[in-house]
Amino acid sequence: GGRGARHRRAPWEGRATAYPPAHNLLDGRIVLVTAAAGTGIGFSTAKRAAEEGATVVVSDWHERRLGEAAEQLADVMGEKPLAVPCDVRNEEQIQALFDAVYERHGRLDVLVNNAGLGGEVNLVDMTDEQWSNVLDITLNGTMRATRAALRRMMLAGSGVIVNNASVVGWRA
């Protein structure tokens, strides 16, 4: 035999895939994405939401990269999105973020909790302080933003919250 040892190609292996066309799935929706600066999942999520017709709001703790992300999103949206600096470890900044969203747009339809921090070092070498920072951003920050969104979404009777998780957890 040896038949079962042969590698079968997945349909996407060995060929380039085209970028999927937009279908206006989020037309008219207000979408807030945390940790949306830079080149990662947050920015890609914000960009795709804009391509799908959403009015996007972006936040991040890194103000320079946040401004750059907003400039890039303006090319997709036709106008510069609301960009609010926010450290999800800080409750006052979370409240200011949601206040800004509601002041500008009057509502929020979708929150994408993307803020998270993988360890800078392997778990075996991590200090308690480093671990606490990972938890405060990744877990507590998600809770703070979710709580702020729920308080307003429940009053409105609608809304969607998406919590992004990382494959970094598999390394532990």
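Refer to the structure presented above.
Participant: Honestly, the overall build of the protein in this entry has me stumped. Any pointers?
Facilitator: If you tally the helices and strands in the protein, you get four helices and five strands. Sorting the 172 residues of the protein into buried and exposed places 33% on the buried side. Considering only residue pairs separated by 6 or more positions, the protein has 66% of its internal contacts joining residues 24 or more positions apart.

Participant: Help me out: how do you make sense of the sheet that holds strand 5 (residues 160-163) in this one?
Facilitator: In a beta sheet, neighbouring strands are held together by backbone hydrogen bonds and run either parallel or antiparallel to one another. Spatially, five strands are ordered 3-2-1-4-5 in an open sheet, and the strand pairing comes out parallel. Lying at the two open borders of the sheet, with one neighbouring strand each, are strand 3 (82-85) and strand 5. Pairs of neighbouring strands in the sheet enclose a mean axial angle of 15 degrees, with direction left out of account. Looking at chain direction, strand 1 (residues 30-33) and strand 4 (residues 110-113) are connected through three bridges and run parallel. In the strand pairing of strand 4, Val-33 is matched with Val-112. Of the strands in this sheet, strand 4 and strand 5 touch helix 4 (residues 128-156), which is tilted by about 175 degrees from strand 4.

Participant: How should the packing of helix 3 (residues 91-105) against helix 4 be read in this particular structure?
Facilitator: Where helix 3 contacts helix 4, the two axes come as close as 10 Å, and the packing angle between them is 40 degrees. Classified by chirality, the crossing of helix 4 by helix 3 is right-handed. Between helix 3, through Glu-91, Ile-94, Gln-95, Phe-98, Asp-99 and Tyr-102, and helix 4, the contact on the second element is made entirely by Arg-144, Ala-145, Arg-147, Ala-148, Ala-149, Arg-151, Arg-152 and Met-153. Split into classes, the residues belonging to the contact of helix 3 with helix 4 amount to seven nonpolar, one polar and six charged.

Participant: What should I look at first to understand the side chain of Thr-34 in this one?
Facilitator: For Thr-34, the position within the fold is in the loop between strand 1 and helix 1 (41-51). A relative accessible area of 2% places Thr-34 in the buried class. Not counting the four nearest positions on each side in its chain, Thr-34 is found in contact with Ser-59, Leu-111, Val-112, Asn-113, Asn-114 and Ala-115.

Participant: Please explain the packing of aromatic side chains as it appears in this structure.
Facilitator: The geometry of two aromatic rings is summed up by the distance between their centres and the angle between their planes. The final tally for this structure, using the stated rule, is zero aromatic pairs. Its guanidinium or amino end placed over the ring of Tyr-102, Arg-152 lies 4.7 Å from that ring's centre, counting from NZ or CZ.

Calculation criteria
- Residues numbered from 1 in each chain as written.
- Predicted model: local features only at pLDDT ≥ 70, side-chain atom pairs only at ≥ 80, totals over all residues.
- Heavy atoms only, no water.
- Helix = DSSP H or I, 4+ residues; strand = E, 2+ residues; numbered from the N terminus.
- Buried < 20%, exposed > 50% of the residue type's maximum accessible area, 1.4 Å probe, protein only.
- Contact = heavy atoms within 4.5 Å.
- Pairing = 2+ DSSP bridges.
- Axes fitted to C-alpha atoms, helices over the stretch in contact; angles between N-to-C directions.
- Left-handed = near helix turned anticlockwise from the far one by under 90°.
- Nonpolar A, V, L, I, M, F, W, Y, C, P; charged D, E, K, R; others polar.
- Phe/Tyr/Trp six-rings, centres within 6.5 Å; stacked < 30°, edge-to-face > 60°.
- Lys NZ or Arg CZ within 6 Å of the ring centre and 35° of its normal.

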